Amino acid sequence: MISSANALWTVAASLLVALVLHAIPLPFDWRWYRPELTLLVLFYWVLALPHRIGVFSAAITGFAVDLLEGDLVGGLAVGAVVATLIILFTYQRIRQFNLIQQGAIMGMLVALALLVESWLHQFLGLPAPGYKFWLAAAVAIPMWPVVRKVLRGLRRYFEVS
Amino acid sequence: MLLLCLASLFYLRNIDGLAGARAVLMDGANFIYRVAVTPRDAWASVADYLQSREQLREDNRRLQQENLVLQGKTQQFVAVMAEITRYRALLNSSQLVAREVMVAEVISVSSDPTRHLLILDKGADDGVKIGQPLLGAEGLMGQIVEVGANSARALLISDLTHAVPVQINRNGVRGIAEGAGDLDHLIIRHIAATTDIALGDLLVTSGLGGRFPPGYPVAVVSSITLPAGAAFAQIEAQPLAHLDRGRHVLIAVASEGPAAFSSKAQ
């Protein structure tokens, strides 16, 4: 078994897998319902290991998603950093919540990240999603228990800390 | 960290020296799309393999017939092209450029629902350049906007940020077809309410602006509204190309020779 402190590659690998899942082709108009898995995975790790995974990882993840989507690089990164800061300030409280409450919080954080991105895009004159980004946030809520279950399994198995 | 993100957002994108790095990163991102579609491709190849002999024979027969018909049409085309070239020479107008096309495979569509971006499997190594037009079997699809070494991204004409100069094939009235963020319609702006335009008019690229060569079909007019008192008509057109289907697209590559438009425009 891998020594605990060095198991951070699990984090990187899970983020990469989430990125690949994020790139799975969907019909044109279904793309609104994509649950921003990468953000959820990032939020899980921030919540679980706030002393290791923080704004830097958030920015890298955001950059990666922006590159993947062909957006202006940095838009979602700003959103992810803002949402991550909120988790870092309140992780002790969020950990006490039950699954449904946590799911709701995560939905709101995803919405916040996407909102910040769409503000920046609007500011720069790029196409912004209007209010449709709520769809992605709404889909993220039922996804959270799944993400948490899988990643908690991974974290315990590889003793990531 | 926030400042770094904002800096990249506002400043880094304008630095030309980073173009190489951007291309490499984009190739990496496109590789992720390739990985993501592997299951679909694997399934497609299995289905291909299991296709019955009868089916293949049927396909073969149909394609041979189609080929014959198309070849017949091409014979006329050659004669017509020769004639047009002569007329254009008589008019002292610039020669039409013979465009070569390259077939590219669509790997995927960008995950961002606000954008209409295609990920293609050909890149700078194959001669793809930024700005080259993307064609479907039925009409213009878009243009190349980002190029990596072995992959590229193309913006569809339906994207909110895309606009293409068009003219009505019937009478040469010019306009600009803007994407509306919707696959089903483009918006034609700045056509005066008194202009001769009718439902079903074919819009072709006008070649103005120097980005698209003239004469490629783009869309047909699908709705015309004349708001009382407004100077311009509200016109919508339906793109001819099937923007969301088909695995293969054509990239028009300019061949050596006289340009289709004035050298100043280029």
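Residues numbered from 1 in each chain as written. Chains lettered and ligands numbered in written order. Predicted model: local features only at pLDDT ≥ 70, side-chain atom pairs only at ≥ 80, totals over all residues. Heavy atoms only, no water.

(A) Just the interface of chain A and chain B, in detail. Contact residues are listed per partner, giving 33 residues for chain A and 33 residues for chain B. In total, about 3,000 Å² of surface goes out of reach between chain A and chain B, with carbon and sulfur atoms giving 75% of it. Ranking the residues of chain A by area buried against chain B places A:F28, A:R31 and A:P127 at the top, with a combined share of 23%. On the surface where chain A and chain B come into contact, there are zero salt bridges. (Contact = heavy atoms within 4.5 Å. Buried area = accessible area lost by both parts, 1.4 Å probe. Salt bridge = Lys/Arg side-chain N within 4 Å of Asp/Glu carboxyl O.)

(B) How the structure looks around the sheet that holds strand β8 (residues 186-189) of chain B. Residue and element names in this part refer to chain B. The antiparallel closed barrel is built from six strands, whose spatial order is β6-β7-β8-β11-β10-β9. The sheet shows a mean angle of 40° between the axes of neighbouring strands, taken without regard to direction. Pairing between strand β6 (residues 163-168) and strand β9 (residues 202-205): three bridges, direction antiparallel. For I168, the partnering residue across the bridge sits in β9 and is L203. (Pairing = 2+ DSSP bridges. Helix = DSSP H or I, 4+ residues; strand = E, 2+ residues; numbered from the N terminus. Axes fitted to C-alpha atoms, helices over the stretch in contact; angles between N-to-C directions.)

(C) Fine view of the confidence of the model for chain A. The predicted model of chain A has a mean per-residue pLDDT of 87, with 96% of residues at 70 or higher. Taken element by element, the predicted model of chain A shows its lowest mean pLDDT in helix α3 (residues 55-69) of chain A (89) and its highest in helix α2 (residues 37-48) of chain A (94). (pLDDT = per-residue confidence, 0-100.)

(D) Expanded view of the domain arrangement of chain B. Residues and elements named next belong to chain B. Assigned domains of chain B: these are domain 1 (21-96) and domain 2 (97-252). For domain 1 and domain 2, the distance between their C-alpha centroids amounts to 18 Å. At the junction of the two partners, domain 1 supplies 12 residues and domain 2 supplies 20 residues. In total, domain 1 and domain 2 occlude about 1,200 Å² of area from one another, counting both sides; carbon and sulfur atoms represent 48% of this. For the domain 1 face of the interface with domain 2, the top three residues by lost area are M26, Y33 and R34, together amounting to 46%. Joining domain 1 to domain 2, the criterion identifies one salt bridge. Between D41 and R247 there is a salt bridge, with its nearest N and O atoms 3.4 Å apart. (Domains from an automatic or database assignment.)

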